[in-house]
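Descriptive structure summary
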Amino acid sequence: MSDDARRSSSAAIAVLVAAFVLFALGMYPLANRLTGGEAVPWYGHVLFVWLIVGGAIILALFLASRFLPGATTRAIERVSGAILGMPAPLFLLVTGAFAFVACAAIAVYCFGRQPHNADEVAQLFHANILLSGRLSLPPDANPEFFGMDNMIERGRWYSQFPIGWPMVLALGTLFRVAWLVNPLLLALTVVPLYAFARTAYDEATARGAAMLLALAPFALFMSASFMNHTPVAFLAAVAMASLAAWTTTNDPRRVTRSAAAIGFALGAAFTMRPLDALVVAGVIGLAQLATLRTERAKASSLAVQVVAGLIPVAVLFYVNWKTTGAPMRLGYEVLYGNAHSLGFHVDPYGTTHTPLRALTFASKYLLQLNTLLFEWPLPAIGIVIAGLFALRRPSRWDLLLVALVCSQALAYALYWHDGNFRGPRFLFTAVPAFIILVARAPLVVAARTHGSARRTALLVVPACVLIAWLAYGMSDSVAGRVRMYRRTAPVLRVSPDSVARAAHLDNALVFVNEGQESRNQHALWALGLSRGNTARLMVSASPCAVRTSIEKEQSLAPAREAGRLDRLVRGALAFDQQQSPGGFPVTCAEDLLRDAEGTAFYGPFFPRNGIDRDGRMSGKVVYVLDLGEHDEALRARFGNRTWYRFGPSSAASDSLPTLVPYAHQSP
């Protein structure tokens, strides 16, 4: 057997193995089998949709192709002709513009242009720190009032996240358009995605992939956030397109430019999401080594690639040195220590990450991607598998795309945290690769079939796209998902700037009431407990028990840090065991009354705080957490401001919080 035949056989086997892995993890509900159905409780519903709705669509398309061959053929030719006949620059402009407008509209309508989780909030605040001319702030004198998850307050005050994305967000914040940065990056991702697919395959695959990215609800919803996944997916697509150019050209100057682009893109991605960058770099590096076996002249370009990659990495290492104290020490390690690392160990919250748990994560992520990426009535992974099985001779690009998807899933299976935000966010970097596989699959199947089967293969994906976007009344559709996000917690869409403008706030201090559990959490952080110990304590006892134990610990004179966690746990558990209904503490009753009047999310308010030249919280309005009677600790510092509380609803039937003068807020 020749070397080419041997390599072709090995590639075919690798692709078939990948297809079986994708089926086992992304089609078969392995995650549910390992968790008793808890991991993906909606699997039964989507399976019904795939079998009944999806099956009906395939049957209808086949019958139309069988009995109306002329009509279906003309429809395919006219639509494909219109798409392929459009000049490439115009096509990319229209496709990118659609992605940008759709994403921006979702950001406004569904999410109110506000951050919705602690990751977004921390990185937005870090962007503000950079705009103040600093890499970090001195610790605040009253840290409990400004406490946010994912923020580090040990010696310096900054976020746990690598500096790359806060730097980009700072540019958006400077021009007051931070909420548009991700929509713009998603629109720009269309270009390198198209460029890679066109070089690796053909024009039809390239344009199909570009349109699928712009029409992918998961991509739109994720990019309507302030998360750092979209920029890394964009940079991964740039690296992929540059790899395709590096591989297919013999022009030394273009080889060098492409290598530099690969290096810089991966280095920039490393400053945002190091693990994702390493995964993509590993796969691309192996592809380049395979190319060098027959094109050794390109080896010298790798030095340029390394140097280009080290430029942004050097910036990250410098910032780490100035903040965490060591160039290669990330903020995650400062906050969580070695428990944050990959592998099988006890995580920061006390849960042991095991191989079975990792397998559950991988299956859960792929099952989510299967449904949430497109909201189609057919499984996206099923379409990819069909395409992989139909391949006669897998190309190097097929192997690259499959490796990117599988490597990303494997890497984050080894990570202890269950990452879910509007979908399987940990797989987002692999979304461009996955989308190209989806776009390629119908064309591959069509090439292996003829007649009605061929026409059906070419019609399946367009039919799914139309149903996902036009089936307004279905919950399993783009409109259904938009309605779900719109209905979820209207309080999360409250704009701090709108609140301040409506009340004409100036020189004000606004206390945001997040509720009793939030007050407990921040009090425990102020006592020096880690995030993990705080979380475990709060789920081990009732909120009132935790509050009572905190008060007892705070009353110790002098304060004793030694044995603090044990005392807090014992106190909380003892309270729950001994407390009778008639002996409910007054402080707990006051907490319940205060929270019954209304609560709000502090997240959007925190990054709206200004920073003065000394690195302290300032501005026309300062937003802090409402910690009940402990609020008086701020009297000396902010007593010259007018105090307000944000949280109480104007009426019992009103779900939205309102702003009220502090003195008029009942306890």
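What counts and what doesn't
Think of each chain on its own: its residues are numbered from 1, step by step along the sequence as written. Note on the predicted model: pLDDT of at least 70 is required for a residue's local features to be given, and 80 or more for side-chain atom pairs to be given and counted; whole-chain, interface and lining totals, by contrast, use all residues. To get the side-chain values, take all heavy atoms of the structure and skip hydrogens and water. Strands here mean DSSP runs of E at least two residues long; helices mean DSSP runs of H or I at least four residues long; both are numbered from the N terminus. Under the rule applied, a polar contact is a pair of N or O atoms within 3.5 Å (in protein, one hydrogen donor and one hydrogen acceptor; residues adjacent in sequence only if both atoms are side-chain atoms). Whether two residues are in contact is decided by their heavy atoms, any of which lying within 4.5 Å being enough. Burial classes follow relative accessibility: with a 1.4 Å probe on protein chains only, a residue under 20% of its type's maximum area counts as buried, one over 50% as exposed, and anything between as partly exposed. Directions pointing from the helix axis toward each C-beta atom define the arc. For every element, the axis is a line fit to its C-alpha atoms; helices are fit only across the contacting stretch, and the angle between N-to-C directions ranges from 0 to 180 degrees. Any angle that is under 35 degrees is reported as roughly parallel, and any over 145 degrees as roughly antiparallel; angles of 65 to 115 degrees are reported as roughly perpendicular and all others as oblique. Handedness of a crossing follows from how the near helix is turned relative to the far one, being left-handed for an anticlockwise turn of less than a right angle and right-handed for a clockwise one. Gly counts as polar in this scheme, as do all residues outside two lists: the nonpolar Ala, Val, Leu, Ile, Met, Phe, Trp, Tyr, Cys and Pro, and the charged Asp, Glu, Lys and Arg.

1. A closer look at the side chain of R273
Relative to the helices and strands, R273 resides in the loop between α12 (252-270) and α13 (274-292). At a separation of 2.9 Å, a polar atom in the side chain of R273 contacts the side chain of N228. Within the structure, R273 has its side chain in polar contact with the side chain of Y412 (distance 3.1 Å). Ignoring sequence-local partners within four residues, the contact set of R273 consists of N228, H229, V232, Y412, R425 and F426.

2. Considerations on helix α27 (residues 586-596)
The set of residues buried in α27 consists of C588, D591, R594 and D595. Within α27, the buried residues cover an arc of 125° as seen down the axis, which keeps them to one side. Along α27, exposed side chains directed more than 90 degrees from the buried face belong to V586, L593 and A596. Residues of α27 that are buried sit in contact with α23 (516-526), α25 (543-554) and β7 (642-649). After α27 finishes, the residue G598 shows a positive phi value of roughly 140°.

3. Regarding helix α24 (residues 531-540)
Restricting attention to buried positions, one finds in α24 the residues R531, G532, T534, L537 and M538. Residues of α24 that are buried in the fold lie against β1 (151-152), α15 (331-336), α23, α25 and α26 (564-578).

4. Thoughts on the packing of helix α18 (residues 396-413) against helix α19 (residues 431-448)
Running from N to C, α18 and α19 point in directions that differ by 130°, and their axes come no closer than 8 Å. Considered as vectors, α18 and α19 are oriented oblique to each other. The two elements α18 and α19 meet at a crossing, and its hand is left-handed. The segment α18 lies against α19, with D398, L401, V402, L404 and V405 engaging A433, F434, I436, L437 and R440. Partitioned by chemical class, the residues of the contact of α18 with α19 number eight nonpolar, no polar and two charged.

5. Remarks on the side chain of T95
Along the chain, T95 turns up in helix α5 (residues 88-109). In terms of polar contacts, T95 uses its side chain to reach the backbone carbonyl oxygen of F91, at 2.8 Å. Among residues more than four places away in sequence, those in contact with T95 are V190, A210, M211 and A214.

By themselves these figures say nothing about function.
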